[in-house]
Amino acid sequence: SSPDSEGCTPELEKAGLLNKTKIAEGGRKLRKNWSPSWVVLVGNSLVFFKDPKSQTPSSWKPGNSRPESSVDLRGAQLNWANDLSSKKNVCKLRTVTGNEFLLQSETESLIKEWYNTIKNVIDRLDRE
Ligand code: I3P
């Protein structure tokens with residue numbers, strides 16, 4: 001295990017650029033507003049940042065820019081959701097609090113990596 005795996009700094013699992021829209025807040029449907037988002041999977045959270053052009057995986061550090069929003073993955077559900085958009089490669093993340101997000105990439109391999117990585121975190125949290 002890495003030096004900090006039992007410390008208080010959560011491990012960064014993945015970071016990258018995805019298209020994102022929130023489609024529900026507390027179970028209440030929202031109007032879609034797709035925008036590119038810098039997405040960081042760190043610890044039990046998926047964290048969204050604006051201004052993706054100023055970010056790269058190697059330069060991102062916790063605390064060096066303010067997140068737009070953050071999603072607790074404990075109890076969350078992730079499913080493919082190509083029926084919910086005219087875009088391809090879409091998946092839907094639903095939190096326990098009833099917030100729903102669509103995540104999308106034009107690159108199939110990229111969204112599949114994200115899907116698998118987020119799924120693994122959700123499954124790990126389910127077993128805790
Ligand atoms: C929406 C916009 C979205 C589209 C959505 C539209 O229109 O075109 O991109 O979602 O489709 O309603 P507006 O800009 O007027 O809000 P997708 O790109 O995911 O298809 P929807 O209503 O069928 O979800």
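Sequence positions are assigned chain by chain, starting from 1 and proceeding in written order. Restriction of local features to residues with pLDDT of at least 70 applies here, the model being predicted, together with a cutoff of 80 or more for giving and counting side-chain atom pairs; totals for whole chains, interfaces and linings are based on all residues. Side-chain measures here rest on the full set of heavy atoms in the structure, leaving out hydrogens and waters.

Draft legend 1. Structural view of the nonpolar core. In this structure, Leu46, Leu73, Leu93, Leu103 and Ile118 are the most contacted members of the largest nonpolar core, which totals 20 residues. What counts as a helix is a DSSP run of H or I of at least four residues, what counts as a strand is a run of E of at least two, and both are numbered from the N terminus. For this core, the secondary-structure elements that each account for two or more residues are strand 3 (35–42), strand 4 (45–49), strand 7 (90–94), strand 8 (100–104) and helix 1 (108–127). Residues count as neighbours in contact if any of their non-hydrogen atoms are within 4.5 Å of one another. Apart from the residues within four sequence positions on either side, Leu103 is in contact with Leu18, Asn19, Lys20, Leu46, Phe48, Asn89, Val90, Cys91, Ile111 and Ile118. Counting residues in each nonpolar core, the second largest holds 6 residues, with Ala15, Trp38, Val40 and Phe49 among its members. Within this scheme, the nonpolar core is defined by two criteria: the residues are buried Ala, Val, Leu, Ile, Met, Phe, Trp, Tyr or Cys, and they are joined through side-chain atoms within 4.5 Å. When a residue's accessible area, from a 1.4 Å probe over protein chains only, is under 20% of the maximum for its type it is buried; when over 50% it is exposed; and in between it is partly exposed.

Draft legend 2. Looking closely at the site of the ligand. Near residues are defined by distance, with any heavy atom within 4 Å of the molecule or strand qualifying the residue. The environment of the ligand is formed by Arg31, Lys32, Trp34, Ser85, Ser86 and Lys87. As used in this structure description, the phrase polar contact means that two N or O atoms lie within 3.5 Å; if the pair is within protein, one of them must be able to donate a hydrogen and the other to accept it, and residues adjacent in sequence are counted only when both atoms belong to side chains. Trp34 places a polar side-chain atom, nitrogen or oxygen, 2.8 Å from an oxygen atom of the ligand. Between the ligand and Ser86 there is a distance of 2.7 Å, counted from an oxygen atom to a side-chain nitrogen or oxygen. Three classes are used: nonpolar for Ala, Val, Leu, Ile, Met, Phe, Trp, Tyr, Cys and Pro, charged for Asp, Glu, Lys and Arg, and polar for all others, with Gly counted as polar. For the shell around the ligand, the residue count by class is 1 nonpolar, 2 polar and 3 charged.

Draft legend 3. Expanded view of the confidence of the model for the protein chain. Summary of the metric used: pLDDT quantifies the predictor's per-residue confidence within the range 0 to 100. The predicted model of the protein chain averages 88 in pLDDT, with 82% of residues at 70 or higher. Here the predicted complex scores 0.86 on pTM and 0.92 on ipTM.

Draft legend 4. Representation of unusual backbone geometry in the model. With a phi close to 60°, Asn89 is a non-glycine residue in the positive phi region. Here Asn89 is to be found in the loop between strand 6 (77–80) and strand 7. Judged by relative accessible area, which is 12%, Asn89 ranks as buried.

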